[in-house]
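Residues per chain, in single letters:
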Amino acid sequence: MLALSHYNSSASPLLPRFSNNSGGRVEAGLAVEGLSQQGNLTLVQPTTSGVIVVVLSMTLGIISNIVALFILANAHSRQARRTKATFLLFATSLVVTDFVGHVIPGALVLRLYLSGGVHPEDFNSSDRMCQFLGGSMVFFGLCPLFMGCAMAAERCLGVTKPLLHSSLVTKTRAKICLSIIWLVALCVAMLPFFQLGSYSYQEPGTWCFIKVLSDTQEVDVAFVILFSGLGLTSLAVALVCNTISGLTLVLARLRRQPGYHHSTKSHDIEMVVQLVGIMVTSCICWSPLLIFGLLTVIRSYTGSIGEDLSSYKTLMVMGVRLATWNQILDPWVYILLRRTVLRKIYLIAKCQAGLRGNILGRWEPTSFPSSEKNEVNQV
């Protein structure tokens, strides 16, 4: 990882005094190079490969979200069911939020890469750009988690208590719920503007997030606990709701409950499968950052991070890179787990099973009666 300490000629007797002539500049350059080779000093040099990765990630995220929005728009025009319309409203809001949350922070990170990044000596400082980037990451990180939780709760109510769902859940109330989600996420993201937490540049100086690595205060610990607690709680609630919905649908399928229409069941199955996919994606992408951030700020505040600082820096970078994939994968969860796609996959699998069954036809149960009949005729 990158680290930079600020030295001058009078700060330490171990460092050579640098003159203003060319020989002094050469001597200074050699001294800096020597310190860099010893691991005590490394300058921030964002690589070209990093810029390429950022550009490719932004391009893939933009294409994914646009394709998902196009499919959702077509589904809106064809879908008249109110329960499905409410789900589509949540899904559309999730994709739009992912799209904006991918473009804005991505553009700011790309700008930092192109400008050479921030030197490690300035990591604890926080300018307006860092404040905005850090707030954007918190806001666009919490919104998908909150929306996934709300969608799972709405479907759980629709599957287990359909009559109550039809009387309580409307498009107007769904819009109010979405407004509350955005407002709560915005309030959490703006806490550092009121000195309730802080944002700072993170390794390798090309992104900003909650201060967790050094000079952490009690408010920083409280802020990280709030952020991670809200995110992990949302994932836990979504897990419980999706589990209840899935089990209810499986039991209904096994019991063949009267009055449970096939069209309703297929719609419910499709929505629950998509919600499970969104939940699994969110857990994989966001859990590491939420957990790593919580552990890092606690160890940093207690002063027990010590020699493990480099490891925690690496974990934080890995966590945020994994979290950015959530906004790329969420649209594909909806694109690939639609009923039409699942039906095609089922038909392909069925055809493959049929071909395999023709080869092994003698083992099929339906072949046994004909065999017995032939034996009887022979007798």
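Calculation rules
All residue numbers refer to positions counted from 1 along the written sequence of the respective chain. Local features are withheld for residues below a pLDDT of 70 in this predicted model, meaning they are given only at 70 or higher, and side-chain atom pairs are given and counted only at 80 or more; totals for whole chains, interfaces and linings count all residues. By convention in this description, side-chain values take in all heavy atoms of the structure and omit both hydrogens and water. Patch definition: residues above 30% relative accessible area lacking any salt bridge, with like charges linked at up to 9 Å and the nonpolar side chains Val, Leu, Ile, Met, Phe, Trp and Tyr linked at up to 5 Å. Each accessible area is a Shrake-Rupley estimate made with a 1.4 Å probe; only the visible protein chains count as cover when residues are assessed. Here a salt bridge means any side-chain nitrogen of Lys or Arg lying within 4 Å of a carboxyl oxygen belonging to Asp or Glu. The way it works is that DSSP assigns letters per residue, a run of H or I at least four long becomes a helix, a run of E at least two long becomes a strand, and they are numbered from the N terminus. Three labels apply to residues, based on accessible area from a 1.4 Å probe with only protein chains included: buried if under 20% of the type maximum, exposed if over 50%, partly exposed otherwise in between. We call a pair of cysteine sulfur atoms a disulfide when they lie within 2.5 Å. Any two strands with at least two DSSP-identified bridges between them are counted as paired.

(A) Up close: a nonpolar patch on the surface. Together, Leu 186, Met 190, Phe 193, Phe 194, Leu 196 and Val 219 make up an exposed nonpolar region whose accessible area comes to about 550 Å². As for its position among the elements, Phe 193 is in the loop between helix H6 (171-189) and strand E1 (199-202). By relative accessible area, which is 44% here, Phe 193 ends up partly exposed.

(B) Examining the pattern of salt bridges more closely. Using the criterion set out here, one finds one salt bridge in the structure. Put simply, Glu 154 and Arg 155 hold a salt bridge, and the shortest N to O gap is 3.1 Å. Accessibility assignment for this pair places Glu 154 and Arg 155 in one class, buried.

(C) A look at the environment of Gln 217. Positionally, Gln 217 belongs in the loop between strand E2 (207-210) and helix H7 (218-255). Through-space distance from the C-alpha of Gln 217 to that of Ser 198 is 9.2 Å; in sequence the pair is 19 residues apart.

(D) Region of the structure containing the state of the cysteines. This model, assessed by the stated rule, comprises one disulfide. Each sulfur of the disulfide joining Cys 130 and Cys 208 lies 2.2 Å from the other. Here the S-S torsion is close to -125°, and the disulfide linking Cys 130 with Cys 208 is therefore left-handed. With a gap of 78 residues between them, Cys 130 in helix H4 (residues 128-160) and Cys 208 in strand E2 connect regions that are remote in the sequence.

(E) Just the pairing of E2, in detail. Where E1 meets E2, four bridges bridge the pair, whose relative direction is antiparallel. Across the sheet, Tyr 199 pairs through a bridge with Ile 210, a residue of E2. Between E1 and E2, which pair antiparallel in sequence order, lie four residues; one of them, Gly 205, sits at a positive phi of approximately 85°.

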